[in-house]
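# An overview of the molecular structure
So you can see what is in the structure, the chains are spelled out below.
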Amino acid sequence: RTGAALALAAALALATRRSNALERDAASGQLEHAPEGWRRAVHLAIFIVRKAVSILARRLLGAAHHPYWSPMEELVVKILAFAATIGDVKSTRYPIKAYALLQRAIHAAFGSLHVTRVDLGLGQPHAKDALYLALEKDQPLGSCPIILYFHGGGYVTGCAEMHINSHFRWLQRLRDDHGYTCAVLSVEYPLAPEVRFPGNLQFCFRAYDAVVHKVGISPSSIIISGDSAGGGIAYNVALHARDEYPTQEGHAELAGLVLISPWVNHAVGAESFMEHRNTDFLPRESLGTITGTYADDEHDPFNNPAISLVHGEFGKLPPVALTYGSREIFKSDIVDFQGKLEAAGNQVHVSVGPDCPHIYPLLAPLFSTHASRTLGELAAFCASCLSRAASSKPGRVQAQGGGVQQSPSAALASTA
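Residues numbered from 1 in each chain as written. Predicted model: local features only at pLDDT ≥ 70, side-chain atom pairs only at ≥ 80, totals over all residues. Heavy atoms only, no water.

Secondary structure summary: the chain contains eleven helices and nine strands in total. Looking at the chain as a whole, 52% of its 416 residues qualify as buried. Carbon and sulfur atoms provide 56% of the accessible area of the chain, an area that totals close to 17500 Å². (Helix = DSSP H or I, 4+ residues; strand = E, 2+ residues; numbered from the N terminus. Buried < 20%, exposed > 50% of the residue type's maximum accessible area, 1.4 Å probe, protein only. Areas by Shrake-Rupley, 256 points an atom, 1.4 Å probe, with all protein chains shown as cover.)

When two helices pack together, their arrangement is captured by the angle between the axes and the distance separating the axes. Across the interface, helix H4 (residues 93-110) lies against helix H5 (residues 164-178) with an axial gap of 9 Å and an inter-helix angle of 45°. For the element pair H4 / H5, the angle class is oblique. Residues Tyr99, Gln103, Arg104 and His107 of H4 pack against Ile164, Asn165 and Phe168 of H5. Classifying every residue of the contact of H4 with H5 by side-chain character gives three nonpolar, three polar and one charged. (Axes fitted to C-alpha atoms, helices over the stretch in contact; angles between N-to-C directions. Parallel < 35°, antiparallel > 145°, perpendicular 65-115°, else oblique. Contact = heavy atoms within 4.5 Å. Nonpolar A, V, L, I, M, F, W, Y, C, P; charged D, E, K, R; others polar.)

Let us look at the packing of aromatic side chains. For any pair of aromatic rings, the description rests on two quantities: the centre-to-centre distance and the angle between the ring planes. Across all of its chains, the model carries eleven aromatic pairs by this definition. With a centroid separation of 4.1 Å and 10° between ring planes, the pair formed by Phe47 and Phe82 is classed as stacked. Taken as a pair, Phe47 in helix H2 (residues 37-60) and Phe82 in helix H3 (residues 71-85) lie far apart in primary sequence, 35 residues in all. Positioned above the aromatic ring of Tyr68 is the side chain of Arg327, whose terminal nitrogen or guanidinium carbon lies 3.8 Å from the ring centre. (Phe/Tyr/Trp six-rings, centres within 6.5 Å; stacked < 30°, edge-to-face > 60°. Lys NZ or Arg CZ within 6 Å of the ring centre and 35° of its normal.)

The first and last C-alpha atoms of helix H10 (residues 331-343) sit 18 Å apart over 13 residues, in line with the 18 Å expected at 1.5 Å per residue. Here H10 has its buried residues at Asp333, Ile334, Phe337, Gln338 and Leu341. For H10, the buried positions fall inside an angular range of 140° around the axis, keeping them on one side. Looking at the buried side of H10, the elements it contacts are helix H7 (229-244), strand S6 (256-260), helix H8 (271-275), strand S7 (320-325) and strand S8 (348-353). After H10 finishes, the residue Gly345 shows a positive phi value of roughly 90°. (Expected span 1.5 Å × (residues − 1). Arc of directions from axis to C-beta.)

Tracing the backbone through its elements, the reader meets His151 in the loop between strand S3 (146-150) and H5. Among residues more than four places away in sequence, those in contact with His151 are Thr157, Gly158, Cys159, Ala160, Met162, Val187, Glu188, Tyr189, Leu191, Asp227 and Gly230.

Side chains that differ in charge, positive against negative, can pair when their charged atoms come close. By the definition in use, this model includes 14 salt bridges. As a salt-bridge pair, Arg117 and Glu188 come within 3.1 Å of each other at their nearest N and O atoms. Separated by 71 residues along the polypeptide, Arg117 in strand S1 (residues 114-118) and Glu188 in the loop between strand S4 (183-187) and helix H6 (199-215) bring together distant segments of the chain. Of the two residues, Arg117 and Glu188, neither departs from the other in class, the shared state being buried. (Salt bridge = Lys/Arg side-chain N within 4 Å of Asp/Glu carboxyl O.)

Before going further, it helps to examine the packing of H5 against helix H11 (residues 368-392). Remark: H5 packs on H11, axes separated minimally by 9 Å, with the N-to-C direction vectors making an angle of 55°. One finds that H5 runs oblique with respect to H11. As H5 packs across H11, the resulting crossing turns out to be right-handed. Packed against H5, whose contacting residues are Ser166, Arg169, Trp170, Arg173, Leu174 and His178, the element H11 presents Ser372, Leu375, Gly376, Leu378, Ala379, Ala380, Cys382 and Ala383 at the interface. Among the residues forming the contact of H5 with H11, the class breakdown is eight nonpolar, four polar and two charged. (Left-handed = near helix turned anticlockwise from the far one by under 90°.)

Turning next to the environment of His65. Following the sequence through the fold, His65 ends up in the loop between H2 and H3. Here the alpha-carbon distance between His65 and Ile55, two residues ten residues apart in the chain, equals 8.0 Å. What His65 contacts, discounting residues up to four positions off in sequence, is Arg58 and Glu74. At 3.2 Å, the side chain of His65 and the side chain of Arg58 are in polar contact. (Polar contact = N/O pair within 3.5 Å; in protein donor to acceptor, adjacent residues only side chain to side chain.)

Before going further, it helps to examine the confidence of the model for the chain. Chain-level pLDDT for the chain is 86 on average; 85% of the residues reach the 70-or-more range. Note on residues 25-35: pLDDT under 50 across the span, and 19 contacts to partners over four residues away in sequence or across chains. Within the model, the stretch residues 394-416 combines pLDDT values under 50 with 68 contacts to residues more than four positions away or in other chains. (pLDDT = per-residue confidence, 0-100.)

Note on placement: Thr291 falls in helix H9 (residues 287-294). Judged by its relative accessible area of 1%, Thr291 falls in the buried class. With residues up to four places along the chain from it excluded, the contact list for Thr291 reads Trp263, His266, Pro301 and Phe302.

By the criterion of burial, S1 is predominantly enclosed, with four of the five residues buried. Sheet analysis places S1 next to strand S2 (residues 130-134), joined by five bridges and oriented antiparallel. By the bridge assignment, Val118 is partnered in S2 with Ala130. (Pairing = 2+ DSSP bridges.)

We now examine the pairing of S8. Where S7 meets S8, six bridges bridge the pair, whose relative direction is parallel. Residue pairing in the sheet places Val320 in a bridge with Val348 of S8.

With respect to the element layout, Leu317 can be found in the loop between H9 and S7. The exposure class of Leu317 is buried, given its relative accessible area of 8%. Along the primary structure Leu317 and Leu341 are separated by 24 residues, whereas in three dimensions their C-alpha atoms are 8.8 Å apart. Non-local contacts of Leu317, meaning those with residues more than four positions away in its chain, are made with Tyr235, Ala238, Leu239, Leu341 and Asn346.

Dropping the structure here:
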């Protein structure tokens, strides 16, 4: 028994040492080969235990690295960062999908959110072009204004249902606080490396066109939104909407544009990348690999305005809501992007989460105070946009009890 105990202790010590080495190599960008399969799971499990003990010990000693976070918030941020750095670009797909399905199952059990798959005729397997989220069962696609959403994940991971909880709260606040019945249509765009730039972006353009032409929703009843890489897609889709469906003044007819921690510059050299590398879960050292997976060098991703938005055009956009965390690595680039939007004459509403990391409004129940406040602000912004659209185009958008005065296209939706 003593020998077995010593052997187990030695094995744990060796695994912990290897886990420490992995963390150091990942943090310094020197990790050449990510562990595979069960080895990655073992390293992650050891990291979680080690980090939890370390965080609790430091709290007890009054020497916390991040005293502005709760122990759980600090632990989750560190786990996400470590998990992202020890895997390849596709390794996070399965845990994200599992978490998304768990959220969906919870809402299905309580009947709080009605979720259907939508076939927009874009060719995704099993009619999985988009996911339609509505608070009421008798709220078919086409019967109310929508938030057309593009999820994040560095263009290489993520899925349409990964933020169901936050979307539910967002829709609730719109209805309960402002009297607007809306829905979310989250696009299941193809991921890299299976489909690379510009193929996935063109897919999202076609998704918007299908919503306008097939579903019959007026652009003035659409708010486009996205987070992180999805924020980059959302911005490009807004430009597409402006150019393809302009008003007489050449503006986008869209109701609004909501960008949550958008990835706007693929050159990772801004000040906040170093300043906040320990307070964010984005793998700074892996962003170059992710960019290379998404776009070939021939597309010049660091200067291409369709990839690095800071080099693009900014005029004649709908009202823009921009939110980011004060401790995220994209902060400097987003502030730069905000300045260019405002200099071009756009109306920009900004929400900053104090001491919060990347996409904090979507991480609830973590950072719940700031996440709840920001979702409330986004709901108020969307209500203001829809009200403005209603006053400029009477009858196109209605508040509680109404929707878009167009023929519903429920036939496009198939219950999943």
